[in-house]
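What follows is the residue order along each chain.
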Amino acid sequence: MFTDPIADYLTRIRNASSAGHRVVEIPSSNLKKEMTKILFDQGYILSYKFEEDKVQGSIKIALKYDRMTKEPVIRKIQRISKPGLRKYTNSSELPRVLNGLGIAIVSTSHGVMTSKQAKTENVGGEVLCYVY
């Protein structure tokens, strides 16, 4: 059993993209599904597929690479709020990653969303990770 499933999710994506894999398979959960949808909507991954098994299920993520340089689109994916030290912020202090070029994924009372969406809805929450 993992003590931090979000860190495991981010580490699997980070390792697969640095190794040049096309597809990574990750154990599924509702939070991971929402984070995957955000990564797809923001253009950081090519596609995803949710596979339901008897017990837990899995998520297959097709990673995205630059056509010319063959480098991964996700340059860095970093966990911010950890189980030992949670990072919460209100709507006026939501982070901007790389001056707006990256995204911060935030868990709010209205669901998981990017910091830009949280700012427009005027809600704060726990800052899960930065992606750029």
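Residues numbered from 1 in each chain as written. Predicted model: local features only at pLDDT ≥ 70, side-chain atom pairs only at ≥ 80, totals over all residues. Heavy atoms only, no water.

Engineer: Explain the overall build of the chain to me, please; I cannot follow it from the model alone.
Structural biologist: The helix and strand inventory of the chain stands at 3 helices and 8 strands. Listing the helices and strands of the chain from first to last along the sequence gives α-β-α-β-β-β-β-β-β-α-β. The globule rule puts the C-alpha radius of gyration for 132 residues at 14 Å, and the 15 Å found for the chain is close to it. In terms of its C-alpha atoms, the chain occupies a principal-axis envelope of roughly 40 × 40 × 25 Å. Burial status across the chain gives 41% buried among its 132 residues. Relative to all contacts within the chain whose residues are 6 or more apart in sequence, the contacts with residues 24 or more apart total 61%. Accessible area for the chain stands at about 7900 Å²; split by element, carbon and sulfur atoms hold 50% of it. (Helix = DSSP H or I, 4+ residues; strand = E, 2+ residues; numbered from the N terminus. Rg over C-alpha atoms; globule rule 2.2 N^0.38 Å. Buried < 20%, exposed > 50% of the residue type's maximum accessible area, 1.4 Å probe, protein only. Contact = heavy atoms within 4.5 Å. Areas by Shrake-Rupley, 256 points an atom, 1.4 Å probe, with all protein chains shown as cover.)

Engineer: Would you mind showing me how to read the pairing of strand 7 (residues 111-114) here?
Structural biologist: Each regular strand carries side chains that alternate between the two faces of the sheet. When strand 6 (residues 103-108) meets strand 7, the two strands line up antiparallel, connected through 4 bridges. Of the residues in strand 7, the one forming a bridge with Val-106 is Met-113. Where strand 6 hands over to strand 7, the hairpin turn is made up of 2 residues, counted between the paired strands. (Pairing = 2+ DSSP bridges.)

Engineer: Explain the pairing of strand 2 (residues 45-51) here, please?
Structural biologist: Direction of pairing for strand 2 relative to strand 3 (residues 58-63): antiparallel, over a ladder of 6 bridges. Paired with Glu-51 across the strands is Ser-58, a residue of strand 3. In sequence, strand 2 turns back onto strand 3 through a hairpin of 6 residues, with Gly-57 there showing a positive phi of about 95°.

Engineer: I'm lost on the nonpolar core in this one. Help?
Structural biologist: Nonpolar side chains tend to gather and get buried jointly when the protein is soluble and globular. Counting residues in each nonpolar core, the largest one holds 24 residues, and the members touching the most others are Ile-13, Met-35, Ile-61, Ile-105 and Val-131. Going through the elements one at a time, helix 1 (5-19), strand 1 (23-27), helix 2 (30-41), strand 3, strand 6 and strand 8 (125-131) are the ones with two or more residues in this core. Of all the elements, helix 1 adds the most residues to this core, at 5 residues. Those residues within four positions of Ile-13 in sequence are excluded, and the remaining contacts are Ile-26, Leu-39, Ile-61, Leu-63, Ile-74 and Ile-77. (Core = buried A, V, L, I, M, F, W, Y, C linked by side-chain atoms within 4.5 Å.)

Engineer: Is there a simple way to explain the environment of Ala-62 in this structure?
Structural biologist: The residue Ala-62 is located in strand 3 in this model. Here the alpha-carbon distance between Ala-62 and Glu-93, two residues 31 residues apart in the chain, equals 33 Å.

Engineer: How do you make sense of the packing of aromatic side chains when you look at a structure like this?
Structural biologist: Pairs of aromatic rings are described using the distance from one ring centre to the other and the angle between the two planes. Taken as a whole and assessed by the stated rule, the structure comprises 2 aromatic pairs. Here the aromatic rings of Phe-40 and Tyr-48 are separated by 5.3 Å at their centres, their planes lie at 80°, and the arrangement is edge-to-face. Phe-40 gets classed as partly exposed once you look at its relative accessible area, which sits at 35%. Overall, Tyr-48 belongs to the partly exposed group, its relative accessible area being 28%. Relative to Phe-50, the ring of Tyr-48 has its centre 5.1 Å away and its plane inclined at 45°; by these criteria the two rings are tilted. Given the relative accessible area of 28%, Phe-50 is considered partly exposed. Among the aromatic residues, those joined into a cluster by ring pairs are Phe-40, Tyr-48 and Phe-50. The aromatic ring of Phe-50 is capped on one face by Lys-33, whose charged end is 5.4 Å from the ring centroid. (Phe/Tyr/Trp six-rings, centres within 6.5 Å; stacked < 30°, edge-to-face > 60°. Lys NZ or Arg CZ within 6 Å of the ring centre and 35° of its normal.)

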